Protein chains: 2
Amino acid sequence: MRKRTEAPERRRSDLLDAAQRIVLDKGVAGLTVDEVTARAEVAKGTFYLYFRSKEQLLGALQDRFVDDLTARQRAELDRLDAGDWMGRLLHWMESSIRGYLAHADLHDALFHHPRSEDPASQPSIGHGQAARHGHEADPTINTHAAALADILEAGTAAGAFTLANPRAAAILLYNTMHGTADYLVEQAQRETTDSSTNLVDAVISESLNLCRRYAEPTG
Amino acid sequence: MRKRTEAPERRRSDLLDAAQRIVLDKGVAGLTVDEVTARAEVAKGTFYLYFRSKEQLLGALQDRFVDDLTARQRAELDRLDAGDWMGRLLHWMESSIRGYLAHADLHDALFHHPRSEDPASQPSIGHGQAARHGHEADPTINTHAAALADILEAGTAAGAFTLANPRAAAILLYNTMHGTADYLVEQAQRETTDSSTNLVDAVISESLNLCRRYAEPTG
DNA sequence: ACCTGAACACCGTTCAAGT
DNA sequence: ACCTGAACACCGTTCAAGT
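Residues numbered from 1 in each chain as written. Chains lettered and ligands numbered in written order. Predicted model: local features only at pLDDT ≥ 70, side-chain atom pairs only at ≥ 80, totals over all residues. Heavy atoms only, no water.

1. Let's talk about the overall build of chain A
Keep this limit in mind: Runs of H or I in DSSP of at least four residues are treated as helices and runs of E of at least two as strands, each being numbered from the N terminus. Accessible area is worked out with a 1.4 Å probe on protein chains only. A residue is then buried under 20% of its type maximum, exposed over 50%, and partly exposed in between. Here, two residues are considered to be in contact whenever any of their heavy atoms come within 4.5 Å of each other.
A count of helical and extended segments in chain A gives nine helices and zero strands. Start at the N end of chain A and walk to the C end: the helices and strands fall as α-α-α-α-α-α-α-α-α. The proportion of buried residues among the 219 residues of chain A is 53%. Sequence-distant contacts, at least 24 apart, represent 69% of the contacts inside chain A between residues at least 6 apart.

2. Topic: the state of the cysteines
Put simply, the rule is: Only a pair of cysteine sulfur atoms within 2.5 Å qualifies as a disulfide here.
Taken as a whole, this structure holds zero disulfides over all chains when the rule is applied. With no disulfide partner, A:Cys211 has as its closest neighbouring cysteine sulfur the one in B:Cys211, 14 Å distant.

3. Looking at the pattern of salt bridges
Where we set the bar: A pairing counts as a salt bridge when a side-chain nitrogen of Lys or Arg comes within 4 Å of a carboxyl oxygen of Asp or Glu.
One pass over the full model with this rule turns up 18 salt bridges over all chains. Between A:Asp201 and A:Arg98 there is a salt bridge whose closest N-O contact spans 3.4 Å. Taken together, the residues span a long stretch of sequence, with A:Asp201 in helix 9 (residues 193-215) and A:Arg98 in helix 5 (residues 85-102) at a distance of 103 residues. The partly exposed category is assigned to A:Asp201, whose relative accessible area is 37%. Looking at A:Arg98, the relative accessible area reads 35%, which means it is partly exposed. The residue B:Lys44 makes a salt bridge to B:Asp34 at a minimum N-O spacing of 3.4 Å. Separated by ten residues along the polypeptide, B:Lys44 in the loop between helix 2 (33-40) and helix 3 (47-50) and B:Asp34 in helix 2 bring together distant segments of the chain. Residue B:Lys44 is classed as partly exposed on the basis of its relative accessible area of 47%. Because the salt bridges share partners, they merge into one network encompassing A:Asp25, A:Lys26, A:Glu35 and A:Arg39.

4. Quick look at the environment of A:Thr37
Residues and elements named next belong to chain A. Residue placement: Thr37 occurs in helix 2 (residues 33-40). What makes Thr37 buried here is its relative accessible area of 2%. Residues Thr37 and Ala18, spaced 19 residues apart in sequence, show a C-alpha to C-alpha distance of 7.9 Å. Among residues more than four places away in sequence, those in contact with Thr37 are Leu15, Val42, Ala43, Lys44 and Phe47.

5. Some thoughts on the domain arrangement of chain A
When the parts of a complex come together, some accessible area is lost, and that lost area is often taken as the interface size. Residues and elements named next belong to chain A. Where we set the bar: Domain start and stop positions are those given by an automatic or database domain assignment. By buried area we mean the combined loss of accessible area, with a 1.4 Å probe, across both parts when two parts are placed together. Contacts described as polar in this section are N or O atom pairs within 3.5 Å, which, within protein, must combine one atom able to donate a hydrogen with one able to accept it, while residues neighboring in sequence count only if both atoms come from side chains.
Each assigned domain of chain A is listed here: domain 1 (1-51) and domain 2 (56-215). Taken together, the contact pairs 14 residues of domain 1 with 14 residues of domain 2. Across the domain 1/domain 2 interface, buried area totals approximately 1,300 Å², and carbon plus sulfur atoms make up 72% of it. The tally of links between domain 1 and domain 2 comes to one salt bridge. Note that Asp17 and Arg64 form a salt bridge whose closest N and O atoms lie 3.0 Å from each other. Along the contact surface separating domain 1 from domain 2 lie two residue pairs in polar contact (both at pLDDT 80 or more).

6. Remarks on the packing of aromatic side chains
Basically, it comes down to this: Paired rings are identified among Phe, Tyr and Trp, the last through its six-membered ring, by centres lying within 6.5 Å, and are further divided according to the angle between planes into stacked (under 30 degrees), edge-to-face (over 60) and tilted (the rest). Our definition puts a charge over a ring when NZ of Lys or CZ of Arg is within 6 Å of the ring centre and also within 35 degrees of the ring normal.
By the definition in use, this model includes eight aromatic pairs over all chains. Considering the side-chain rings of B:Phe65 and B:Tyr100, the 5.6 Å spacing of their centres and the 10 degrees angle between planes classify their relative orientation as stacked. Pair noted here: B:Phe65 is in helix 4 (residues 54-77) and B:Tyr100 is in helix 5 (residues 85-102), with a separation of 35 residues, a long-range link. Three or more aromatic residues link up through ring pairs in this structure, and these residues are A:Phe47, A:Tyr48 and A:Phe51. A cation over a ring is seen here: A:Arg88 above A:Trp85, with NZ or CZ 5.9 Å from the ring centre.

7. What to know about the packing of helix 9 of chain A against helix 9 (residues 193-215) of chain B
Threshold: Where helices are involved, their axes are fitted lines through C-alpha atoms of the stretch in contact, as for all axes, and angles between N-to-C directions lie from 0 to 180°. These descriptions rest on fixed angle ranges, namely under 35 degrees for roughly parallel, over 145 for roughly antiparallel, 65 to 115 for roughly perpendicular, and the rest for oblique. Residue type decides the class: Asp, Glu, Lys and Arg count as charged, Ala, Val, Leu, Ile, Met, Phe, Trp, Tyr, Cys and Pro as nonpolar, and the leftover types, Gly among them, as polar.
Relative to each other, helix 9 of chain A and helix 9 of chain B sit at 110 degrees, their axes nearing to 8 Å. Of the possible angle classes, the one that applies to helix 9 of chain A and helix 9 of chain B is roughly perpendicular. For the pair helix 9 of chain A and helix 9 of chain B, contact is made by A:Glu206, A:Asn209, A:Leu210, A:Arg213, A:Tyr214 and A:Ala215 and by B:Glu206, B:Asn209, B:Leu210, B:Arg213, B:Tyr214 and B:Ala215, respectively. Counted by class, the contact of helix 9 of chain A with helix 9 of chain B contains six nonpolar, two polar and four charged residues.

8. Concerning the side chain of B:His107
Topologically, B:His107 is positioned in helix 6 (residues 104-110). When neighbours within four sequence positions are excluded, B:His107 is seen to be in contact with B:Phe65, B:Tyr100, B:His178, B:Asp182 and B:Val185.

Given below as structure tokens:
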């Protein structure tokens, strides 16, 4: 019964890292609390000092994935001309899809998982309540969707877009992106590398057409 | 040890019906093989004569949901003017979102569930392998996505749409619809009836704008 | 305060035995 | 051929006991 006390945040991220490796190895279905704690070198019960349930751990992994992607995009957007709203929109769309594809294995493994109806699942242990399918698209919860909503609202205010309802538009385009990325990830696993690269390029190209025509039809 | 032999298709749909009731009552997380077989009044082992796993049962429920929706839509589309391609597209989009919302409880419960990485899960017992997230959008697998692809391809060929790549467009718009329906379903559970009705109408209205501007920008 | 790990409880799946 | 249900195996979660 050795005891190794660690800074709580460090311990928490150890558990997340271990879980992420397992998810990449065997998928969400192969994730067990037993193996998470074994890889993180703590006792099984310690898991429940940092996460309310296995379900909440998955939520925290999803949050981390989306937050990392959003941070990378924000850095890239800062290098674009501030007044080029269409450029910012097209960049958001293309780099989001490509960003998901670049981490296809993790994205695919993470973003298909069970939802418990557990009514008592309020966020209370740290941050780590997942953005799930559905409110995933909610700009008030998901920073990635919020970045898109910002572009559409500011661009409309600036007269670059002619959108009747930029908030609704953000919901639509966020889901266009996310569902399409899911689809391309699965196709990539099914097809040869060559033919799926063609599909990816064709669909991304068409997604940019969609953005252009939808946001600025008078352009 | 009483034995009640039934026509296999009947038994199978009894199990599906029982599972659907449970999913509506307690969600996917609350679904157990034990309770499915209890409600269908068969022994636990009988379940595995009709489904390879609990996972495959969920896939079969999803298939049934999508097939029912598609059949209803097809009947409605037959009443539209055959040459009115934009009308058909707008109808597909609006009735799909509203169709999902009308069965929000079942749709929400069904379309968020785990994927096993089980490499041995080939469809072999009857039909009932699920269309999952990802290839869900594949028109060759999902009849609902196929209906949209048909409209876009035929409408483009007829000159009503000016789409560079109707197949890619179908993937994009299918995901716009599906993700947005997911989002609206979850919002509906979160908000009061009044405010969510407003949101639904605003988002649907904007989705029709998107279809109009995207498919027929010269119109 | 933080950590341990044995014990418990709950299913998914199998299979030898029934009709 | 179709069905049964006890038994097995596998985890998620808890909690009394350690430092």
